[in-house]
Every structure is written in structure tokens, then in C-alpha cells.
Amino acid sequence: DRRQLLLHFQPFVAINSGEIRGLEALLRWQRRPDEIIPAGDFVPLAEEMGILDEIGDWVLRTACRQNVEWQKSVLPPVRVAVN
């Protein structure tokens, strides 16, 4: 509800060509402007609270939406991994 979740995208790059072969979506929680918490530190709590499925749905929708935007503007179609 507070819009504190965000995704960082890490590229998988082919060593020989420098071509982006794919991306991995990495979930982060930005509690405050100067504090970004990795998923491993808050996912167990989200699971206990029963909101992990909701977060997972948000991650998938957001990663797909971002991929479409990149394809419309700068990137060719590319696979996005979501853990």
C-alpha cells in the first residue's frame, strides 16, 4: 500500500559480444529514501504475514510491464528471470 517495493534489474551479458542475453528482476524494499533492504531480509516476514503471494503477483506484473516498456523503446525482446 505504501509503494515501497521496487525492482532492480541485473543484466546477463554475453562475454564475447557484450550483448544483453536476459535480465533478472531483483526485489527490494525501500523503507526510507536511504534504506534499501534485499528480499532475503524481508521475504520470511512477508510469508509469516500471509502477503507473499500478493507480493509475488506484483513482482511478476511489474517485471513484465517493464520488459514491455523496454522493448517498445530500446531493447529487443529479452527474457526476464523472476526468483
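Refer to the structure printed above.
Residues numbered from 1 in each chain as written. Predicted model: local features only at pLDDT ≥ 70, side-chain atom pairs only at ≥ 80, totals over all residues. Heavy atoms only, no water.

A. Spotlight on the nonpolar core. By size, the foremost hydrophobic cluster in this structure holds ten residues: Leu7, Ala25, Leu27, Ile37, Ala39, Phe42, Ala46, Ile55, Val59 and Ala63. For this core, the elements supplying multiple residues, two or more each, are strand S2 (20-32), helix H1 (39-49) and helix H2 (52-73). Aside from chain neighbours lying at most four places away, what touches Ile37 is Arg28, Trp29, Arg31 and Phe42. (Core = buried A, V, L, I, M, F, W, Y, C linked by side-chain atoms within 4.5 Å. Buried < 20%, exposed > 50% of the residue type's maximum accessible area, 1.4 Å probe, protein only. Helix = DSSP H or I, 4+ residues; strand = E, 2+ residues; numbered from the N terminus. Contact = heavy atoms within 4.5 Å.)

B. Structural context of the packing of aromatic side chains. For the coordinates displayed, the defined rule picks out two aromatic pairs. An angle of 80° between the planes, with centres 4.8 Å apart, marks the rings of Phe9 and Trp70 as edge-to-face. Here Trp70 lies in helix H2 and Phe9 lies in strand S1 (residues 5-13), a separation of 61 residues in the sequence. On the basis of relative accessibility, which here comes to 21%, the residue Phe9 falls in the partly exposed class. Taking 5.7 Å as the distance between ring centres and 70° as the angle between the ring planes, the aromatic pair formed by Trp29 and Phe42 counts as edge-to-face. Here Trp29 is found in strand S2, whereas its partner Phe42 is found in helix H1, with 13 residues between them in sequence. (Phe/Tyr/Trp six-rings, centres within 6.5 Å; stacked < 30°, edge-to-face > 60°.)

C. Fine view of the pairing of strand S3 (residues 35-38). Across the two faces of S3 the burial differs, with Glu35 and Ile37 buried and Ile36 and Pro38 not buried at all. Relative to S3, S2 is paired through four bridges, and the arrangement is antiparallel. Bridging across to S3, Trp29 finds its partner in Ile37. The turn joining S2 and S3, which pair antiparallel and follow one another in sequence, is formed by two residues. (Pairing = 2+ DSSP bridges.)

D. Region of the structure containing the side chain of Asn67. Assignment of secondary structure puts Asn67 in helix H2. When its relative accessible area of 11% is taken as the criterion, Asn67 is described as buried. Contacts of Asn67, omitting those with residues within four sequence positions, involve Val78 and Val80.

E. Spotlight on the environment of Ile36. Here Ile36 shows up in strand S3. Under the relative-accessibility criterion, Ile36 is labelled partly exposed at 43%. For Ile36 and Pro11, which are 25 residues apart along the polypeptide, the C-alpha to C-alpha distance reads 20 Å. Those residues in contact with Ile36 that sit more than four places away from it in its chain are His8, Arg28, Trp29 and Gln30.

F. How the structure looks around unusual backbone geometry. Backbone geometry at Arg3 places phi at a positive 55°, although glycine is not the residue there. Relative to the assigned elements, Arg3 resides in the segment before S1. Given the relative accessible area of 81%, Arg3 is considered exposed.

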